[in-house]
Amino acid sequence: MKTNKLILKAFFLISLAIHCLIYLIPANADVMTRVNAPCFPETGKLETHGSLTTDHSHASDGYIIVKAPKSSRALKIAISFDGTAKIHYNLNTDGDVEILPLQYGSGKYTVSLYHQICGSKYQKNGEISFTVKMKDKLGYTLYPNQWVSYTAETAAVQYADELCAGLTDEYEIVMAVYDFMNKNFDYDWFKSGDVRAGILTEILPDIDGSWETRTGICQDMAAIMCAMLRSQGIHARLVVGTCSGTPHAWVTVYYHGDDGKLKSLSLDPTYYCNATNR
């Protein structure tokens, strides 16, 4: 049993090291200084229970890194806070690491891994708890994660640096990115139809693909906007909910006003991109 845990930790460290290198290869030095790259320190809080391995050495920054062995069955992660609030994520089955946000601030978090048994039935196969004192309650809105996945090499991040060059006012940066999204992207009605029909079941945002085609559905464009703003040091949260009973995604940004106080603003990057007139 002890040997198995050591093997799991070794695989975790190797895949995590590769993951970190991807985040830390910038196209230019300016972007490097702006992108908060999740990484694994030499003395991390690495824990393994069952098939679940976590690194929560940067939990105080608002994120954790999780991993499970390759699986032919679906995997899910549940993150609960103080035994009440709970968020579920699909976990990749390739054995790769995933970056997941801690969205509830300081307190006790429990991360649980579930393996699919049959259909919608899942069995718990690992659970790890830890207590966090956050440096910044909104820290998770400044880092890449599973739903807002980007690196210093991401084209949208590179362009954000060009778009916002010379801007220092946070609200101006927010509106520059929002206006760019409104004027340069179209809603992908074909992809939306495939999602509604159940043909397309993997709905994680595709930042690179949508950037290249300048099309996407709500979560794609919300993720691009979040990536661009986060790379500029603006807290940007991708929100998943409903609009008039229809599943939808949008962005809530947090910026400092002229009075120095933190303000919030919800923005929908699909609102003006022909998504509301059909």
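Everything quoted here is computed from the prediction, not taken from an experiment. (Residues numbered from 1 in each chain as written. Predicted model: local features only at pLDDT ≥ 70, side-chain atom pairs only at ≥ 80, totals over all residues. Heavy atoms only, no water.)

**Q** Can you explain the confidence of the model for the chain? Please cite residues and give values.
**A** For the chain, mean pLDDT is 87; residues scoring 70 or higher make up 84% of the total. Here residues 24–29 is modelled with pLDDT under 50, and outside its nearest four sequence neighbours on either side it reaches 13 contacts, counting other chains as well. (pLDDT = per-residue confidence, 0-100. Contact = heavy atoms within 4.5 Å.)

**Q** So what's going on with the pattern of salt bridges? Residues and values would help.
**A** This structure, assessed with the given rule, holds four salt bridges. In this structure, the salt-bridge partner of K135 is D61, at a minimum N-O distance of 3.1 Å. Of this pair, K135 sits in the loop between strand 8 (121–132) and helix 3 (155–163) while D61 is found in the loop between strand 2 (52–55) and strand 3 (63–67), placing the two residues 74 residues apart along the sequence. Look at K135 and you get exposed, because its relative accessible area is 64%. Classification of D61 by relative accessible area gives buried; the value is 12%. A salt bridge links E127 to K124; the nearest nitrogen and oxygen atoms lie 2.7 Å apart. (Salt bridge = Lys/Arg side-chain N within 4 Å of Asp/Glu carboxyl O. Helix = DSSP H or I, 4+ residues; strand = E, 2+ residues; numbered from the N terminus. Buried < 20%, exposed > 50% of the residue type's maximum accessible area, 1.4 Å probe, protein only.)

**Q** Can you explain the sheet that holds strand 5 (residues 85–91)? Please cite residues and give values.
**A** A sheet is described by the order of its strands in space; here four strands give the open sequence 5-4-7-8, paired in antiparallel fashion. Here the strands that pair on one side only, and so sit at the sheet edges, are strand 5 and strand 8. Here the average twist between neighbouring strands, direction ignored, is 20°. (Pairing = 2+ DSSP bridges. Axes fitted to C-alpha atoms, helices over the stretch in contact; angles between N-to-C directions.)

**Q** Help me get a handle on unusual backbone geometry, residues and values and all.
**A** Trans peptide bonds make up the majority, and among non-glycine residues the majority have a negative phi. Its identity as a non-glycine residue notwithstanding, D82 has a phi of 50°, on the positive side. Summarising the element assignment, D82 is placed in the loop between strand 4 (75–81) and strand 5. Located in the positive-phi region is R214, a residue other than glycine, with phi close to 60°. With respect to the helices, strands and loops of the structure, R214 is situated in the loop between helix 6 (207–213) and strand 10 (215–216). For R214, a relative accessible area of 29% puts it in the partly exposed group.

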